Amino acid sequence: MRSAMQGRIIEVLVAAGESVGAGDELMVIESMKMELPVQAPIAGAVRQVFVSVGDQVLDGTVLMVLE
Amino acid sequence: MTAIENEGREAAQSRGWEPELQELKQRRQFAAKMGGEEGIARQHAQGKLTVRERIDQLADPGSFAEFMGLMGSAEYVDGKLERITPKAAVTGFCQLNGRKAILNGGDFTVRGGSGGGSHGGLGMELPASQRALEWRVPYVRLLDAAGGSVRSFEELGRTYLPDGNSFTAPDVQLLRAVPVVSAVLGSVAGLPAVNACLSHFNVMVKGTSQLFPGGPPVVKAALGYDVTKEELGGYEMHTAQSGVIDNLAESEAEALGMIRSFLSYLPSNVWEMAPRLGCGDEPARREERLLSIIPRNRRRAYNARHIVEDVVDRESFFEIAPGYGRARITGLARLHGYPVGVMANNPLFGAATDVAAGEKVMRLIQLCDTFHIPLISFADEPGFMVGVESERAGIERAGARLVMVTCDSQMPWATVVVNQLYGVAGQCHHRPSGMFQRYAWPSANWGSMHIEGGVAAAYRREIETSADPAAKLAEIEGRLKAIASPFRTAEATGQDVIDPRDTRRLLCAFVEDAQPILRSQLGQTAVPYRP
């Protein structure tokens, strides 16, 4: 899953191995003074999380793998 | 005269013009073969349908009535017709969703769809575009053509002046008269590439379509570098970066479906009302989600598409240009069966209006004005986008154009302020004339400027001269926020503040009320549609 915007990770709510439902909030990115929730597009298991709180991300940065 | 000859003459007489009908049948068969089996095979090998297959899929079954099908270059041997290569396009009437339209499909199997044929000359049949103008029916271009070719110079034995505006003039007039759609279904260059944008809506197919005035060989000759067709003018360039193409289809079938969908929201021409669908979705439907969709934490983004989906008729939202100018969602939808234009700021992409989002908004406003359908705006407007990139893109001139398009529009317009409404971008959710209605949700907040940032500028002296500047700033901001409730504004201006769950019912009533106003506005708008 990729970031849709440039910004900073301010919350990471899941870890590798967890199961999530479609629509669940996975992490929050702060961009342009707004908090943008990143939601699971499908139900699945978190394979790997590549970012942590405080990381800067760009448009397209890979955040995590969900399968 | 022998008996046999006499008999032959009589037999011929009773047959009437049957022999000529046989010749007609033969010539039609040549036309149906398009550029021949090799060309057709190549088309399929590239993952593309032929023009006749596309027409078959697009039109209501059995409704295609071809015209000018006998045009082409013929080969005669000893005075007998050997073969005809048809013209590089297939044109005709058809029904789309039960309504008449005119199709003009480029035939890539014939000379790569390029020019050829004679333009003008005495006695020419009305070209397809002119016919659509005179018949006042929607016009659909299935573009799959390379434009002009230098081969034609050799065929003619001379060059010619590129006076294409002579036969492009109807395409310009069409934009003010009937819905025009262009589908880019192959590598399209030259005039066809510009025709892609002489439309109210266009679509291209992922991977098999590209668009450019000149392709890689021309770029190499002019600028000296190598680039692939896909890099130069593929979907990533045109549906996401340039915004030249509105919608991206995964397949030709999907592209053709989008054409039908788009046209279903619009009338056949500007002199008629948009068609209302029978609707099973009650205006009184209330969605609980709307009451809490705007987060109380003001810094929290939300999915504005959910607002649109919860308010308009179920499944009726057709998004236009989802990949471009993503700060604004734009599209067509229905409210109680009546077509409407819809737009909503998208906080997931910053919500602030940049040049790209502004382009989409201007085209939507014009589309609604031209075809006489109401516009609904769900406003969460922080203002025009700031920053060096926005400046470089010319946000001020874009803003000026947006103001003009907003103020020039006449169709009924309803704005629902769901959250922010600030600045000059905010004023472009207000149409200061005609039938205009505004509702505000309790979460609404507005002003010429944001309080944060605005205080630091306006109260600079008080803050700087205070003992504790940070505390002073917070105190002044607190004072201003205390008077920022939309209810206070309503005391003075009469602004309607509503329960978000009532939005659908109120907008359905607005759209119903708008119908007689729209009817009185039928015809061509004073301000022409600008693509």
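Below or above, wherever it landed, is the structure these notes cover.

About the cut-offs
Residues numbered from 1 in each chain as written. Chains lettered and ligands numbered in written order. Predicted model: local features only at pLDDT ≥ 70, side-chain atom pairs only at ≥ 80, totals over all residues. Heavy atoms only, no water. Core = buried A, V, L, I, M, F, W, Y, C linked by side-chain atoms within 4.5 Å. Buried < 20%, exposed > 50% of the residue type's maximum accessible area, 1.4 Å probe, protein only. Helix = DSSP H or I, 4+ residues; strand = E, 2+ residues; numbered from the N terminus. Contact = heavy atoms within 4.5 Å. Pairing = 2+ DSSP bridges. 1 Å grid on protein atoms, 1.4 Å probe; cavity = no way out; pocket = protein on both sides within 12 Å on 5 of 7 lines; lining within 4 Å. Points joined across faces, edges and corners; volume = space filled by probe spheres on them. Nonpolar A, V, L, I, M, F, W, Y, C, P; charged D, E, K, R; others polar.

**Digging into the nonpolar core**
All names here are of chain B. Within the largest apolar cluster, 51 residues are counted, with the highest numbers of intra-cluster contacts made by Leu142, Ile259 and Phe262. Broken down by element, the residue count for this core peaks at 7 residues, all from helix H15 (residues 355-371). Other than its neighbours up to four places away in sequence, isoleucine 259 contacts Leu58, Val140, Leu142, Val181, Ala183 and Val203. In this structure, Phe317, Val342, Ile498 and Phe510 belong to the second largest nonpolar core, which totals 30 residues.

**Side note on the sheet that holds strand E6 (residues 56-57) of chain A**
Residue and element names in this part refer to chain A. Read from one edge of the open sheet, 4 strands run E4-E3-E1-E6, paired in antiparallel fashion. Strand pairing shows two members of the sheet lacking a second neighbour, strand E4 (34-39) and E6, which therefore form its edges. With 2 bridges joining them, strand E1 (residues 7-12) and E6 adopt antiparallel strand pairing. Along E6, the bridge assignment pairs glycine 7 with valine 57.

**Regarding the environment of serine 73 of chain B**
Residues and elements named next belong to chain B. Note on placement: serine 73 falls in strand E2 (residues 72-77). According to the relative accessible area criterion, serine 73 is partly exposed, its value standing at 42%. Expressed as a C-alpha distance, the spacing of serine 73 and serine 292, which sit 219 residues apart in the sequence, is 67 Å. Residues within four places of serine 73 in sequence aside, it is in contact with Arg83, Ile84 and Thr85.

**Let's talk about the layout of surface pockets**
All names here are of chain B. Within this model, the second largest pocket holds a volume of roughly 1,400 Å³. Around the second largest pocket sit 45 residues that line it, and Gln420, Tyr422, His450, Ile451 and Glu452 are the ones nearest its centre. Secondary structure elements with two or more residues in the lining of the second largest pocket: strand E16 (413-422), helix H18 (423-427), strand E18 (445-447), helix H19 (451-458), helix H21 (469-482) and helix H22 (486-493). The dominant element in the lining of the second largest pocket, judged by the number of residues it contributes, is H19, at 6 residues. Within the lining of the second largest pocket, the residues separate by chemical class into 25 nonpolar, 13 polar and 7 charged.

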